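Examination of the molecular architecture
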Protein chains: 4
Amino acid sequence: MRLPVGRFAYTHLFFYFYLLTSQSVCDMQNTEREISIKKILDTALVLFADKGFNRTTTDEIARKARVSKGLIYFYFSSKEEILTRLIEHIFDEGGGEMADGAEPLEFIEQLLESFRTALKDMTRWKVATSVLFQNQNREAVRLILKNKYVQYYSILKDQFALLGSSEPEMDAKELLAIMDGVALHSIFAGDVFKPEAVLDFTLKRYRKQFGP
Amino acid sequence: MRLPVGRFAYTHLFFYFYLLTSQSVCDMQNTEREISIKKILDTALVLFADKGFNRTTTDEIARKARVSKGLIYFYFSSKEEILTRLIEHIFDEGGGEMADGAEPLEFIEQLLESFRTALKDMTRWKVATSVLFQNQNREAVRLILKNKYVQYYSILKDQFALLGSSEPEMDAKELLAIMDGVALHSIFAGDVFKPEAVLDFTLKRYRKQFGP
Amino acid sequence: MRLPVGRFAYTHLFFYFYLLTSQSVCDMQNTEREISIKKILDTALVLFADKGFNRTTTDEIARKARVSKGLIYFYFSSKEEILTRLIEHIFDEGGGEMADGAEPLEFIEQLLESFRTALKDMTRWKVATSVLFQNQNREAVRLILKNKYVQYYSILKDQFALLGSSEPEMDAKELLAIMDGVALHSIFAGDVFKPEAVLDFTLKRYRKQFGP
Amino acid sequence: MRLPVGRFAYTHLFFYFYLLTSQSVCDMQNTEREISIKKILDTALVLFADKGFNRTTTDEIARKARVSKGLIYFYFSSKEEILTRLIEHIFDEGGGEMADGAEPLEFIEQLLESFRTALKDMTRWKVATSVLFQNQNREAVRLILKNKYVQYYSILKDQFALLGSSEPEMDAKELLAIMDGVALHSIFAGDVFKPEAVLDFTLKRYRKQFGP
DNA sequence: AATGAATGAGACTTCATTCAT
DNA sequence: GATGAATGAAGTCTCATTCAT
């Protein structure tokens, strides 16, 4: 069985944003068109993360991206659309590699492992939340996040079902909550909280509960 | 045994904010001055929660609070100061009551119960993130949150110890993560996610693990 | 013959302003009414001189004068009226003493002497011009200045007539121009210009022309 | 002998400002950019002169210049910067032509003649004082003015020396004082004072004293 | 005589967006 | 494709003035 796990690791909200900022927004850049779009998106991403959506002006995006303001509106219908496209790109981005045909428990282990790795780069998280929370009341943003959430939740649910969980939905939701809760606390109290410890603790519990 | 539980309910980040918004910002309202300030703060709070700080205009605050725009600047030096004063009030607010001398498991039950109640008012949560992640305030706010976190984490840790947990620190941290993770997801996917279900699920696990 | 010379010394624009700032605006202060008015005028004067009319707010006048903003409008119909009353006070202020029954040449000598004295206090002049020029396009201010100018010009003209000048009007106007021109240049180039020297030079010319 | 008289006419403070306002602020106006900047500066100058800096609104500048309010802020960072740029232009402006190799007396005649012409346009003078006496600019402006003063004073002093004056420094200073004094009085009492008369009177005196 | 809370018109400024070239 | 000058609606904030007490 071949699960679409290659992309799974980026399911949850925060983790997605990590990737957002560590990679280039768009890898295709053959035509001039794509080069320009990429320049705009890359620049906007850094600025949105740094100063927030509202405080970033199209003027600054144009200046830093070394394109004219007019060109931005040639490719994007509005500033809002830059944000939307940015978020869509994030979730379409390829993720890390997951062992093919892994056992469910192994799958979760790998997931938490890569999550812990991501957590170590704290500055990345901050950038992510900055973008995320400053736009939480934008309906467009909320919808994307919600859809992605539902989509990936079902994958995790299946894994717990394969593990033999009696309430795979609940297990899936709880794990997602733990991950994002840990990420959130890392931002505020990372120095005293040691977030990775909780992930291990949770994993240990799964092993005891679902292991051989 | 008398635990300082009266304030416990406000431990975690988001829950704090719930209280902020569910109560009146300022209780003294004898003089005209205080009545006006209260009207402005109360109105601003709801609007910030609803639309975010940036999208709320002073014009709208004035209109909804039924005061003139000038009066806002008579009491607050800027829109930013309204936000600052709001945050200060949050952390000065007193908390609710916890059953005195409750059993540890009962204590956690009550905690999750009041948390679930808070979660129902979704718009309230929004103010928290909106306020928290404004770039410029972040460091100051982060410190306050961190201190609160550490302080209340120790209380929860003690409860798990009383329950007979072999790793009370981990249990405490995990529970806090679950709570804030649930809160976070409620914002984005509350309609499909049913956050309260996860809380029950977790509680059931505690009962099985620590119950009689 | 008794000329109204006691007041003459304050004829020209700048010299008037010197007195304005070196003396209290109003000497009567028996009743509470007069005390309050005096406090307001005195405070406004310093502030207008320091920051200019526009940049001085009624709020600041009230605060520094230790009266309420309402009281200012109880005694003055507008901020503009404070300025007008201030300028009127300046021109009504008593001046220095002039030797009674002095010879015309002696009269001019004394005039220039007291003018030179006033010039020494450079900061005073700056304050004067600050108030004066910042309000030059206010018609009310211009009218007061103009009337005073005409009034005192006629006194000086008479003195030159007594001296035997063939064109006393021209002599009077020229002398007034020299005085204010000297004052003006003192502000900008006082350190290199030595304004008092010009006054002596002019006086020497009068002595040669009109003297015995 | 070739005196650097070409620029002499702008020696004294006020006269400088006349030129400022009688000429276009910026001569280059090829590109659209320069045309717009010129429109804004020219309009602002007239308005500042007429109503003073504070009473001139950006709205009015935009309306009279027939550009949008936004365009003003596209080229100038603030209303204050318009003022600053205006002052800079003043001192960069080239001056009029003086008859080459003129006799000293002729030179002074021409000087006073062009000065009298300048005086006729009263509104022009106002911008000078309005601009000059804004508190915040004073020190910077004062220095520029002082340097110009010293520089051109020396030219006038030489002319009086050539005329055979026994005290050319004093004559030079006195003449400069008369000119600026006359200008000053023109503003306040121009309608009754007839400033040009004094200039003729002074010139007549020079003719009698230094003429053939 | 005195207070100070309250008002509202209008100021400066910002910035997403358009459009002629 | 690309530019950048131009727009104008909307925002924050100021402050002279009023008015109930």
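Right above here is the structure, for reference.
Rules behind the numbers
Residues numbered from 1 in each chain as written. Chains lettered and ligands numbered in written order. Predicted model: local features only at pLDDT ≥ 70, side-chain atom pairs only at ≥ 80, totals over all residues. Heavy atoms only, no water. Helix = DSSP H or I, 4+ residues; strand = E, 2+ residues; numbered from the N terminus. Contact = heavy atoms within 4.5 Å. Near = heavy atom within 4 Å. Polar contact = N/O pair within 3.5 Å; in protein donor to acceptor, adjacent residues only side chain to side chain. Nonpolar A, V, L, I, M, F, W, Y, C, P; charged D, E, K, R; others polar. Axes fitted to C-alpha atoms, helices over the stretch in contact; angles between N-to-C directions. Parallel < 35°, antiparallel > 145°, perpendicular 65-115°, else oblique. Left-handed = near helix turned anticlockwise from the far one by under 90°. Core = buried A, V, L, I, M, F, W, Y, C linked by side-chain atoms within 4.5 Å. Buried < 20%, exposed > 50% of the residue type's maximum accessible area, 1.4 Å probe, protein only. Phe/Tyr/Trp six-rings, centres within 6.5 Å; stacked < 30°, edge-to-face > 60°. Lys NZ or Arg CZ within 6 Å of the ring centre and 35° of its normal. Salt bridge = Lys/Arg side-chain N within 4 Å of Asp/Glu carboxyl O.

**Description of the side chain of arginine 205 of chain A**
- Secondary-structure assignment places arginine 205 of chain A in helix H10 (residues 195-210).
- Those residues in contact with arginine 205 of chain A that lie beyond four places of it in its chain are Glu174 and Ile178 of chain A together with Glu174 and Arg205 of chain B.

**A closer look at the protein's contact with DNA strand E**
- In the vicinity of DNA strand E lie 34 residues, with Thr58, Tyr73 and Lys79 of chain A together with Tyr73 and Lys79 of chain D positioned nearest.
- Considering DNA strand E, the proportion of its atoms within 4 Å of the protein that are sugar or phosphate atoms stands at 64%.
- Here a phosphate oxygen of DNA strand E sits 2.9 Å away from a polar atom, N or O, in the main chain of serine 68 of chain B.
- Take lysine 69 of chain B: an N or O atom from its side chain is 3.4 Å from a base oxygen of DNA strand E.
- Where the surface near DNA strand E is concerned, the elements lending two or more residues are helix H4 (69-75) of chain A, helix H2 (32-51) and helix H4 (69-75) of chain B, helix H2 (32-51) and helix H4 (69-75) of chain C together with helix H4 (69-75) of chain D.
- Residues that form the surface near DNA strand E fall into these classes: 10 nonpolar, 15 polar and 9 charged.

**Quick notes on the packing of helix H8 (residues 139-163) of chain A against helix H9 (residues 168-193) of chain B**
- One can describe the packing of H8 of chain A onto H9 of chain B by two numbers: an axis separation of 9 Å at closest approach and a directional angle of 60°. Considering the angle they form, H8 of chain A stands oblique to H9 of chain B. The handedness of the crossing between H8 of chain A and H9 of chain B comes out as right-handed. Contacts from Arg142, Leu145, Lys146, Tyr149 and Val150 of chain A in H8 of chain A reach His185, Ile187, Phe188, Ala189, Asp191, Val192 and Phe193 of chain B in H9 of chain B.
- The residue inventory of the contact of H8 of chain A with H9 of chain B, partitioned by class, reads 8 nonpolar, 1 polar and 3 charged.

**As for the nonpolar core**
- Among the nonpolar cores identified, the biggest contains 58 residues, and Ile108 and Phe160 of chain A together with Ile108 and Phe160 of chain B are the most heavily contacted of them.
- Where this core is concerned, the elements lending two or more residues are helix H6 (104-120), H8, helix H9 (168-193) and H10 of chain A together with helix H6 (104-119), helix H8 (138-163), H9 and helix H10 (195-210) of chain B.
- Dropping the residues within four chain positions of it, phenylalanine 160 of chain A is found in contact with Ile108, Ser165, Pro168, Asp171, Ala172, Leu175, Tyr206 and Phe210 of chain A.
- In terms of nonpolar packing, the next biggest core, distinct from the first, is built from 56 residues, Ala183 and Ala189 of chain C together with Tyr149 and Leu176 of chain D among them.

**Notes on the protein's contact with DNA strand F**
- Lining the immediate environment of DNA strand F, one finds 35 residues, of which Tyr73 and Lys79 of chain B together with Thr58, Tyr73 and Lys79 of chain C sit closest.
- Sugar and phosphate atoms constitute 64% of the interface atoms of DNA strand F, taking the interface as everything within 4 Å of the protein.
- Between serine 68 of chain A and DNA strand F, the recorded distance is 3.1 Å, taken from a backbone N or O atom to a phosphate oxygen.
- A distance of 3.2 Å separates a base oxygen of DNA strand F from a polar side-chain atom of lysine 69 of chain C.
- Listed by contribution, the elements that provide at least two residues to the surface near DNA strand F are helix H2 (32-51) and H4 of chain A, H4 of chain B, H4 of chain C together with helix H2 (32-51) and H4 of chain D.
- Residue classes in the surface near DNA strand F are distributed as 10 nonpolar, 15 polar and 10 charged.

**Description of the environment of arginine 207 of chain C**
All names here are of chain C.
- Summarising the element assignment, arginine 207 is placed in helix H10 (residues 195-210).
- C-alpha of arginine 207 to C-alpha of leucine 105: the two residues are 102 residues apart in sequence and 7.5 Å apart in space.
- Setting aside residues up to four positions removed in sequence, arginine 207 forms contacts with Leu105 and Glu109.

**Description of helix H3 (residues 58-65) of chain C**
- Looking at H3 of chain C, one finds that the buried residues are Thr58, Glu60, Ile61, Ala62 and Ala65 of chain C.
- Just downstream of H3 of chain C lies arginine 66 of chain C, where phi reads positive at about 60°.

**Quick notes on the packing of aromatic side chains**
- Applying the stated rule across the entire model yields 20 aromatic pairs over all chains.
- Ring-pair connections join several aromatic residues into one group, and the members of that group are Phe160, Tyr206 and Phe210 of chain A.
- In this structure, lysine 79 of chain B is placed above the aromatic ring of phenylalanine 53 of chain B, and the distance from its NZ or CZ to the ring centre is 4.6 Å.

**Side note on the pattern of salt bridges**
- As enumerated under the stated definition, the model contains 48 salt bridges over all chains in all.
- Salt-bridge contacts for lysine 51 of chain D lead to glutamate 60 of chain D; the nearest nitrogen and oxygen are separated by 2.8 Å.
- Here lysine 51 of chain D falls in the partly exposed class, since its relative accessible area comes to 29%.
- A residue is classified by how much of its surface remains accessible, and glutamate 60 of chain D, at 11% relative accessible area, is buried.
- Among the ionic pairs, aspartate 200 of chain D bridges to arginine 116 of chain D, the shortest N-O distance being 2.7 Å. Residue aspartate 200 of chain D is found in helix H10 (residues 195-210), and its partner arginine 116 of chain D is found in helix H6 (residues 104-119); the two are separated by 84 residues along the sequence.
- When its relative accessible area of 16% is taken as the criterion, arginine 116 of chain D is described as buried.
- Three or more residues are tied together by salt bridges with common partners; here these are Glu174 and Arg205 of chain A together with Glu174 and Arg205 of chain B.

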